[in-house]
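Breakdown of the fold
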Amino acid sequence: MADAHATPQHDYHLVAPSPWPLVSSVAATIMFIGAVIWMKGLAPADGGPIAANFLAEGKPGVFFAGLAGVLISAFCWWADVIKESKAGDHTPVVSLGLRYGMILFIASEVMFFVAFFWMFFDMALFHESRALTPEVGAWADTAKAWSTWPPKGVEVLSPWQLPLLNTVTLLLSGCTVTWAHHAIQVGDRKGAKIALIITVALGVLFTCVQAYEYNHILHEKLFFNEEAVNSGLYGSIFFMATGFHGFHVLIGTIFLAVCLIRLLKGDFTPQKHFGFEAAAWYWHFVDVVWLFLFAFVYVVFG
């Protein structure tokens, strides 16, 4: 009788108590507080040894401590999920739930970029209305600077150089990740490994090119200079939209690198490979967002 009650009579997986949701939440909170300390500081440098070493502006220690906690908890949490899959807990019903969860996660990410595009399009399409702003304090000078788009003094980037290179890079990576997915589905592990290695390399290349582009913008003061006074909104939108996308590329590259390690260890079969499938969906989402960024931020309104 006891054995009968101990055996699950349903297809759902009841997750065992785990410390990782709490640990990751605490670590993320510490990381973001650390980011505030690094950029703005929470205490003056002369406020004592703790303030001088950890809480003063420019001190990154708290941020990196939180980041380490986030990475450790993510690693352990994903490891537990992989163990559950290997133990047979991911039934067809559970696998369907995982797919729904990934779809909803990507949908939430889409809304982040909708906010950035909304702000950019509002300034790009309706910038002339800024000239109608009442002259209240220094706001009138800012409104005047925003009355043209891009604002006067801002030197925009040519879309046909580094941005085009990154576009080709991501489009190629979209092809190679699809190649890897198809290879896993047909049991071609060698082809999947080659395609996934190329995809990860292309992701790293994209990040390197974008870092070089950012360095060029900041070094040459293309967006923030004396001629572009009160025009900082253009640079802020540019760095928020493209930088947030670049962060997604970095996360996606790590995601795919983890999948590559698992593939090299013998994981993934034609029947069970949702871990890679989720990474591929995420990577295609990143590709599509970049196409919109390239088309509108760099080409149409650049």
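Presented here is a report on the structure given in the accompanying data block. Residue positions are given per chain, counting from 1 as you read along its sequence in written order. At least 70 in pLDDT is required for a residue's local features to be given in this predicted model, at least 80 for side-chain atom pairs to be given and counted, and no such filter applies to totals for whole chains, interfaces and linings, which use all residues. The basis for the side-chain values is all heavy atoms of the structure; hydrogens and waters are excluded.

**Quick notes on the overall build of the protein chain**
Across its full length, the protein chain carries 10 helices and zero strands. Throughout, exposure labels follow a simple rule: accessible area from a 1.4 Å probe, protein chains only, divided by the maximum for the residue type, with under 20% read as buried, over 50% as exposed, and the rest as partly exposed. The 302 residues of the protein chain split such that 39% are buried. Any pair of residues with heavy atoms lying within 4.5 Å of one another is described as a contacting pair. Taking as baseline every contact in the protein chain between residues at least 6 positions apart, the subset at least 24 positions apart corresponds to 73%. Each accessible area is a Shrake-Rupley result for a 1.4 Å probe, and residues are judged covered by the shown protein chains and nothing else. Carbon and sulfur atoms make up 71% of the accessible area of the protein chain, which amounts to about 17,400 Å² in all. Helical segments are the DSSP runs of H or I of at least four residues, strand segments are the runs of E of at least two, and each set is numbered from the N terminus.

**A few points about unusual backbone geometry**
A negative phi angle is the norm for most residues apart from glycine, just as the trans form is the norm for most peptide bonds. The backbone phi angle of lysine 221 is positive, close to 55°, even though this residue is not glycine. Position of lysine 221 among the secondary structure elements: in the loop between α8 (189–220) and α9 (232–264). Note on lysine 221: relative accessible area 53%, which makes it exposed. The backbone phi angle of phenylalanine 268 is positive, close to 75°, even though this residue is not glycine. Relative to the elements of secondary structure, phenylalanine 268 occurs in the loop between α9 and α10 (274–300).

**Concerning the packing of helix α7 (residues 162–185) against α10**
Interaxial angles span 0 to 180 degrees and are taken between N-to-C directions of axes, which are lines fitted to C-alpha atoms, for helices over the stretch in contact. Following both chains from N to C, one finds α7 and α10 inclined at 160°, their axes separated by 10 Å at the closest point. Considered as vectors, α7 and α10 are oriented roughly antiparallel to each other. As for how α7 packs across α10, the hand of that crossing is left-handed. In this classification, Asp, Glu, Lys and Arg are treated as charged, Ala, Val, Leu, Ile, Met, Phe, Trp, Tyr, Cys and Pro as nonpolar, and every other residue, Gly included, as polar. Split into classes, the residues belonging to the contact of α7 with α10 amount to 15 nonpolar, seven polar and two charged. Any angle from 65 to 115 degrees is called roughly perpendicular, while one under 35 is roughly parallel, one over 145 is roughly antiparallel, and all others are oblique. Whether a crossing is left-handed or right-handed is set by the direction in which the near helix is turned from the far one by less than a right angle, anticlockwise for left-handed and clockwise for right-handed.

**Overview of a negative patch on the surface**
Patches in this entry comprise residues that are over 30% relatively accessible and not in a salt bridge; like charges within 9 Å are linked, as are nonpolar side chains (Val, Leu, Ile, Met, Phe, Trp, Tyr) within 5 Å. Any Lys or Arg side-chain nitrogen found within 4 Å of a carboxyl oxygen on Asp or Glu counts as a salt bridge. By the counting scheme adopted, Arg and Lys are positive, Glu and Asp are negative, and His together with the chain ends is not counted. By convention, charge coordinates are those of NZ in Lys, CZ in Arg, CG in Asp, or CD in Glu. Among the surface-exposed residues, Glu155, Glu220, Glu226 and Glu227 lie close enough to one another that they form a single negatively charged patch. You can see glutamate 155 is positioned in the loop between α6 (139–145) and α7.

**Side note on the nonpolar core**
Throughout, nonpolar core names a set of buried Ala, Val, Leu, Ile, Met, Phe, Trp, Tyr and Cys residues whose side chains join them through atoms within 4.5 Å. Core analysis: the biggest nonpolar cluster contains 54 residues, and Phe120, Trp149, Phe223, Phe238, Leu256 and Phe276 have the highest contact counts within it. Contributions of two or more residues to this core are made by α5 (92–125), α7, α8, α9 and α10.

**With respect to the environment of valine 26**
Along the chain, valine 26 falls in helix α2 (residues 20–39). Between the C-alpha atom of valine 26 and that of glycine 69, which follows or precedes it by 43 residues, the distance is 8.4 Å.

**Section: the side chain of glutamine 210**
Positionally, glutamine 210 belongs in helix α8. For glutamine 210, a relative accessible area of 6% corresponds to the buried category. Excluding residues within four positions of it along the chain, glutamine 210 makes contact with Asn166, Thr242, Gly246 and Trp290.

**Let's talk about α5**
Taking 1.5 Å per residue as the helical rise, α5 with its 34 residues ought to reach 50 Å, and the 48 Å between its terminal C-alpha atoms agrees with that figure. Those residues of α5 not exposed but buried are Val94, Ser95, Met102, Ile106, Glu109, Phe113, Phe116, Phe117, Phe120, Met123 and Ala124. What a helix is expected to span follows from its residue count: subtract one and scale by 1.5 Å.

**Some thoughts on the packing of α2 against helix α4 (residues 61–86)**
The geometry of a pair of packed helices is captured by two quantities: the angle between their axes and the separation between those axes. The contact between α2 and α4 brings their axes to 7 Å, and the two run at 155°. Between α2 and α4, the crossing angle belongs to the class labelled roughly antiparallel. Once α2 is placed against α4, the crossing between them reads as left-handed. Here Trp20, Pro21, Val23, Ser24, Ala27, Ala28, Ile30, Met31, Gly34, Ala35, Ile37 and Trp38 of α2 lie close against α4, whose contacting residues are Val62, Phe63, Phe64, Gly66, Leu67, Gly69, Val70, Ser73, Cys76, Trp77 and Asp80.

**Regarding α2**
Between its first and last C-alpha, α2 extends 28 Å over 20 residues, near the 28 Å set by a 1.5 Å rise per residue. Taken residue by residue, α2 has Trp20, Ser24, Ala27, Met31, Gly34, Ala35 and Ile37 as its buried positions. Buried residues along α2 cover an arc of 160° about the axis, so they all sit on one side. Turned more than 90 degrees away from the buried face of α2, the exposed residues are Leu22 and Phe32. Of the residues trailing α2, glycine 41 is marked for its positive phi of about 85°. Taken from the helix axis, the directions to the C-beta atoms give the arc we talk about.

Purely spatial values, then, with no claim about function.
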